[in-house]
Amino acid sequence: MSQMPDSGRALDDLRNRIDAIDARIHASLMERAQAEAGIAAASVSAGGTAALFHPEREADMMRQMVERHEGDLPLVTVEHLWRDIICACTNLQSQAAVHLDGSAELIDMLDLARFYFGFSVELVPGSDAVDVVGAVAASKGDLGLVALTDRAEIPWWRELGEAGALVRARLPFLVLDERPADLPALVLAQADGLVETADIAVYDARWTDLLPGKLMDQGIEVLSFFRSASGVDALIAISADVTEEDVYKACAAAGAEPNVLRRVGGYAAPIDGNGDPDETFEPEGDAGLVKEGVLK
């Protein structure tokens, strides 16, 4: 009983410390919003536009956050808070909307969109992925969210292109076991030409025959495919360090060159949050190509 007064004072000290931390966090959030407004104003003055989404910069910031994170606070909680803060700040200037793929479960798409883009961004359900591509291409800064399925109902990626919507990010970016908002998806946005700084390049590839069966052996991932009587369409991903000529060679080594190969975007390599936190985060390289002797 004699220790109660000391324990009470210790609790009061901890509560006061938390109040002080909360005040600093709040002040930092307001300061961040002001800095974001300054960036947006400078961009507009330079002839650009205020944008909701900066995928390469945000991916780099997320990697730094993961590398410095420690303690018991779940990493996915920090990810969500950070995403909500950054989107709330940028949306003050951009007022962009996110168009949702209606072919996926709406509740899953809403969870994903709210997790990554927060509650301050307008969400617009679409009928399907083609509808989302069209909405993004016709907008001035809107984003699209398309669910990734192994086998697509339509080859929606045929509508992607430099003059319209491109693949700009892949979700989830932080891969964790049993995480919330884990629906695989791609973020679409407009860009001034193809972005050369992405880790992973994405291509629209088409074959008049079957899909080559050994693409993964060549370091090529099939994100989605569509089979029809005239052949097969595929949305494929490979290290952006690999040239288009060598992508053709890799496909040939896997079974057949595509009749059409068109780059339609790229994204930052996702972080494996289940691995060693001391490891650096690097995209999958062209090890498969080198192993098979395609790249010299």
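Residues numbered from 1 in each chain as written. Predicted model: local features only at pLDDT ≥ 70, side-chain atom pairs only at ≥ 80, totals over all residues. Heavy atoms only, no water.

What follows concerns the overall build of the protein. Helix and strand content of the protein: seven helices and 11 strands. Of all 296 residues assigned to the protein, the portion counted as buried reaches 43%. Within the protein, contacts between residues at least 6 apart in sequence are counted, and of these 77% link residues at least 24 apart. Only carbon and sulfur atoms are counted for the fraction: they give 52% of the accessible area of the protein, which is about 15,900 Å². (Helix = DSSP H or I, 4+ residues; strand = E, 2+ residues; numbered from the N terminus. Buried < 20%, exposed > 50% of the residue type's maximum accessible area, 1.4 Å probe, protein only. Contact = heavy atoms within 4.5 Å. Areas by Shrake-Rupley, 256 points an atom, 1.4 Å probe, with all protein chains shown as cover.)

Using the criterion set out here, one finds one cavity of 30 Å³ or more in the structure. In this model, the largest cavity occupies a volume close to 200 Å³. If you trace the largest cavity, you find 19 residues lining it, with Phe-53, Arg-83, Ala-169, Leu-171 and Phe-173 closest to the centre. In terms of residues, the lining of the largest cavity owes the most to one element, helix 2 (residues 55-68), which gives five residues. Split by residue class, the lining of the largest cavity holds 13 nonpolar, no polar and six charged. (1 Å grid on protein atoms, 1.4 Å probe; cavity = no way out; pocket = protein on both sides within 12 Å on 5 of 7 lines; lining within 4 Å. Points joined across faces, edges and corners; volume = space filled by probe spheres on them. Nonpolar A, V, L, I, M, F, W, Y, C, P; charged D, E, K, R; others polar.)

Where helix 3 (residues 75-94) contacts helix 4 (residues 106-117), the axes come no closer than 6 Å and their chain directions differ by 75°. Of the possible angle classes, the one that applies to helix 3 and helix 4 is roughly perpendicular. Only Arg-114, Phe-115, Tyr-116 and Phe-117 of helix 4 make contact with helix 3, whose side of the interface consists of Val-76, Glu-79, His-80, Arg-83 and Cys-87. Split into classes, the residues belonging to the contact of helix 3 with helix 4 amount to five nonpolar, one polar and three charged. (Axes fitted to C-alpha atoms, helices over the stretch in contact; angles between N-to-C directions. Parallel < 35°, antiparallel > 145°, perpendicular 65-115°, else oblique.)

This brings us to the nonpolar core. Ranked by size, the top nonpolar core spans 37 residues in total, and within it Val-98, Phe-117 and Leu-145 carry the most contacts. If you list the elements that add at least two residues to this core, you get helix 2, helix 3, strand 1 (97-100), helix 4, strand 3 (143-147), strand 4 (165-171) and strand 6 (185-190). (Core = buried A, V, L, I, M, F, W, Y, C linked by side-chain atoms within 4.5 Å.)

Take the packing of helix 2 against helix 3 next. When two helices pack together, their arrangement is given by the angle between their axes and by how far apart the axes lie. Axis separation between helix 2 and helix 3 bottoms out at 11 Å; the angle between their running directions is 145°. Note that helix 2 runs across helix 3; the crossing there is right-handed. Residues Glu-58, Met-61, Met-62, Met-65 and Val-66 of helix 2 form the contact with helix 3, whose participating residues are Leu-75, Val-78, Glu-79, Trp-82, Arg-83 and Ile-86. When its residues are assigned to classes, the contact of helix 2 with helix 3 shows eight nonpolar, no polar and three charged. (Left-handed = near helix turned anticlockwise from the far one by under 90°.)

Inspection of the secondary structure puts Arg-168 in strand 4. Of the residues examined, Arg-168 reaches a relative accessible area of 10% and is grouped as buried. Not counting residues up to four positions away in its chain, the partners in contact with Arg-168 are Phe-53, Pro-55, Glu-56, Val-187, Ala-189, Ala-191, Val-195, Gly-266 and Tyr-267.

A few words now on the confidence of the model for the protein. Of all residues in the protein, 88% attain a pLDDT of 70 or more, and the chain-wide mean is 87. In this model, residues 277-296 is a region of pLDDT below 50 whose contacts with residues beyond four sequence positions or in other chains number 32 contacts. (pLDDT = per-residue confidence, 0-100.)

Under the counting rule described, the total for this entry stands at zero disulfides. Counting only cysteine sulfurs, Cys-89 is the nearest neighbor of Cys-87, a cysteine outside any disulfide, at a range of 9.4 Å. (Disulfide = S-S within 2.5 Å.)

Taken together, the side chains of Ile-21, Ile-25 and Leu-29 present a nonpolar region at the surface, about 220 Å² in accessible area. Its place among the elements puts Leu-29 in helix 1 (residues 4-45). (Patch = residues over 30% accessible without salt bridge, like charges linked within 9 Å, V, L, I, M, F, W, Y side chains within 5 Å. Salt bridge = Lys/Arg side-chain N within 4 Å of Asp/Glu carboxyl O.)

Moving on, we get to unusual backbone geometry. Across the junction of Leu-171 and Pro-172, the peptide omega takes the value -5°, indicating a cis bond. Take Pro-172: it is sitting in the loop between strand 4 and strand 5 (174-175). Here the phi dihedral of Glu-178 falls at roughly 50°; this positive angle occurs in a residue that is not glycine. Note on placement: Glu-178 falls in the loop between strand 5 and strand 6. The residue Ala-181 is not glycine, and still its phi comes out positive at about 50°. Along the chain, the position of Ala-181 falls in the loop between strand 5 and strand 6.

Attention now goes to helix 4. With 12 residues, helix 4 extends 16 Å from end C-alpha to end C-alpha; this agrees with the ideal 16 Å at 1.5 Å per step. Among the residues of helix 4, Met-109, Leu-112, Ala-113, Phe-115, Tyr-116 and Phe-117 are the ones counted as buried. In an axial view of helix 4, the angular spread of the buried residues amounts to 165°, which keeps them on one side of the axis. Taken together, the buried residues of helix 4 touch helix 3, strand 1, strand 2 (122-125), strand 3, strand 4 and strand 6. (Expected span 1.5 Å × (residues − 1). Arc of directions from axis to C-beta.)

Another point: the pattern of salt bridges. A complete count under the given rule lists 13 salt bridges for this structure. Note that Asp-204 and Arg-206 form a salt bridge whose closest N and O atoms lie 2.6 Å from each other. Considered together, Asp-204 and Arg-206 belong to a single accessibility category, that of buried residues. Residue Lys-249 is joined to Glu-245 by a salt bridge in which the shortest nitrogen-to-oxygen separation is 3.8 Å. Taken together, the residues span about one helical turn, with Lys-249 and Glu-245 both in helix 6 (residues 244-254) at a distance of four residues. With a relative accessible area of 39%, Lys-249 lands in the partly exposed category. A relative accessible area of 54% means that Glu-245 is categorised as exposed. Through salt bridges with shared partners, one network takes in Arg-158, Asp-204, Arg-206, Asp-233 and Arg-262.

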